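Inside the fold
As a plain string of letters, each chain reads:
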Amino acid sequence: MKFGTKAIHAGVEADTATGAIMTPIYQTSTYVQDGVGNHKGYAYSRTQNPTRSSLERNLAALENGKYAACFGSGLAAIDCVIKMLKPGDEVISTNDLYGGSYRLFKTIFEKYGIVFHFVDMKDVVEVHRMINDNTKLIWVETPTNPLLNIIDIQAMAMVAKNSNLMLCVDNTFATPYLQNPLELGADIVMHSVTKYLGGHSDVVMGALITSDQEIATEMYRIQNSSGAITSPMDSFLALRGIKTLHLRMDRHCQNAREVAHFLKNHSRVEKVNWPGFDDHPNHDIAKKQMRGFGGMLSFTMKGNHLEEALEIVEKVKIFALAESLGGVESLIGHPATMTHASIPKEIREKSGIVDSLIRLSIGIEDAEDLIKDLKQAL
Ligand SMILES: *Cc1c(COP(=O)(O)O)cnc(C)c1O
């Protein structure tokens, strides 16, 4: 089955009781049993819920995986992966990763004795150098947020296999429509469903997908034991959003291409980060592992003045100044003071998140209007 058909049909079927074509919102906490332990596969909604199960089957199919689990947020999904580790274990992670992931690693899990190393993963040698007997997990985010760096998933999978490490890829920016990490050798794919999968800025949710049965057992055990599940209503909304994922992504990609070219030719713009440019440092890897370049881009201003960047993000009219990304509407953000404010300035600037950096989540409006808006603001 091809992607669009899977997006609409995988994991869902007409309700056997009523014929309802849309997966019902099973707003129930418990299920009646005929006798002790004799139930229809559902005993308690923290463990399993039919609406959530449909979504989990759908997501597994989209990533060409066997098992999926949904959580109350993307961070709750990441939390589940780190809980598979124990004190003393070490993690090697991308250095310019999502600010919330960094905060979770540093301020929550370091306390429990898990050690995190943040490296430039474009440099495979650097990753090798960090591996020791305690290393258990490689955490990759690609494209990275907000600099749109591309990390070679196959190269990281090779490093992970050679040292018997688990590889998890945060696939939020690319979505399963553009990139399938499991097929490139990853063990787990993580999504903030909040973004493109949900697609309409109305749900906060996370997901993990794997084909490894042992990992899946741990994943479901933690999902049930820690209880950071998502609701039946949100599962329904995510399922509805996913039905148009392929259509939306095509438009996101096309609009981002047009905006990226406009910005590149603007006299006040210093640099545009978009993996579709021939001169993007990892353009070849992006072409190899992605089917499109996505709807995210960022740019810096000549002179690198904080005030100018702040002025621009307030001057736009169609773009909304907001955190988050991946919805149908275009958003503008200022990473240094918004999404990445929790990363110390020194570390932030070292990885390129400078004061004039502006991030755009390109929506599915008409590109011409988006460009006009940026033009007046610049
Ligand atoms: C938003 C985001 C997350 C966190 O997801 P939430 O749903 O906000 O908890 C993780 N990784 C990336 C790349 C994100 O954009």
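Our subject is the structure listed above.
Notes on the structure in this doc start here. Remember, predicted model here, so these are calculated numbers, not experimental data.

Notes on the packing of aromatic side chains
- Under the criterion given, the structure shown has 7 aromatic pairs.
- Pairwise contacts between aromatic rings join Phe-105, Phe-116 and Trp-139 into one cluster.
- One cation-aromatic arrangement involves Lys-264 over Phe-277; the distance from NZ or CZ to the ring centre is 4.0 Å.

Some words on the site of the ligand
- The environment of the ligand is formed by 14 residues, the closest being Gly-74, Asp-170, Ser-192, Thr-194 and Lys-195.
- A distance of 2.9 Å is found between an oxygen atom of the ligand and a backbone nitrogen or oxygen belonging to Leu-75.
- Within the side chain of Thr-194, a nitrogen or oxygen atom sits 2.6 Å from an oxygen atom of the ligand.
- Surface burial for the ligand is 93%, taken as the share of its 380 Å² of free accessible area covered by protein chains.
- Going through the elements one at a time, helix H3 (74-82) and strand S6 (188-192) are the ones with two or more residues in the shell around the ligand.
- In terms of residue class, the shell around the ligand is built from 6 nonpolar, 5 polar and 3 charged.

Notes on the pattern of salt bridges
- Taken as a whole and judged by the stated rule, the model has 14 salt bridges.
- Ionic pairing is found between Asp-89 and Lys-136, a salt bridge with its closest N-O pair at 3.0 Å. Pair noted here: Asp-89 is in the loop between H3 and strand S2 (90-94) and Lys-136 is in strand S4 (residues 135-141), with a separation of 47 residues, a long-range link.
- Linking Glu-126 and Arg-129 is a salt bridge whose minimum nitrogen-to-oxygen distance equals 3.3 Å. Separated by 3 residues within a single helix, Glu-126 and Arg-129 lie in helix H5 (residues 124-130), roughly one turn from each other.
- What makes Arg-129 exposed here is its relative accessible area of 58%.
- Residues joined in a network through salt bridges with shared partners are Lys-86, Asp-89 and Lys-136.

A look at the nonpolar core
- Counting 63 residues, the largest nonpolar core has Leu-59, Val-259, Leu-263, Leu-297, Phe-299 and Leu-360 as the members making the most contacts within it.
- Ranked by residue count, the leading element in this core is helix H10 (residues 245-264), at 8 residues.
- Setting aside chain neighbours within four positions, we find Phe-299 in contact with Leu-263, Val-269, Lys-271, Val-272, Asn-273, Ser-356, Leu-357, Ile-358, Leu-360 and Leu-378.
- If you look at the next biggest cluster of nonpolar residues, it comprises 30 residues, including Ala-76, Phe-116, Met-190 and Ile-343.

About the cut-offs
- Residues numbered from 1 in each chain as written.
- Predicted model: local features only at pLDDT ≥ 70, side-chain atom pairs only at ≥ 80, totals over all residues.
- Heavy atoms only, no water.
- Phe/Tyr/Trp six-rings, centres within 6.5 Å; stacked < 30°, edge-to-face > 60°.
- Lys NZ or Arg CZ within 6 Å of the ring centre and 35° of its normal.
- Near = heavy atom within 4 Å.
- Polar contact = N/O pair within 3.5 Å; in protein donor to acceptor, adjacent residues only side chain to side chain.
- Areas by Shrake-Rupley, 256 points an atom, 1.4 Å probe, with all protein chains shown as cover.
- Helix = DSSP H or I, 4+ residues; strand = E, 2+ residues; numbered from the N terminus.
- Nonpolar A, V, L, I, M, F, W, Y, C, P; charged D, E, K, R; others polar.
- Salt bridge = Lys/Arg side-chain N within 4 Å of Asp/Glu carboxyl O.
- Buried < 20%, exposed > 50% of the residue type's maximum accessible area, 1.4 Å probe, protein only.
- Core = buried A, V, L, I, M, F, W, Y, C linked by side-chain atoms within 4.5 Å.
- Contact = heavy atoms within 4.5 Å.

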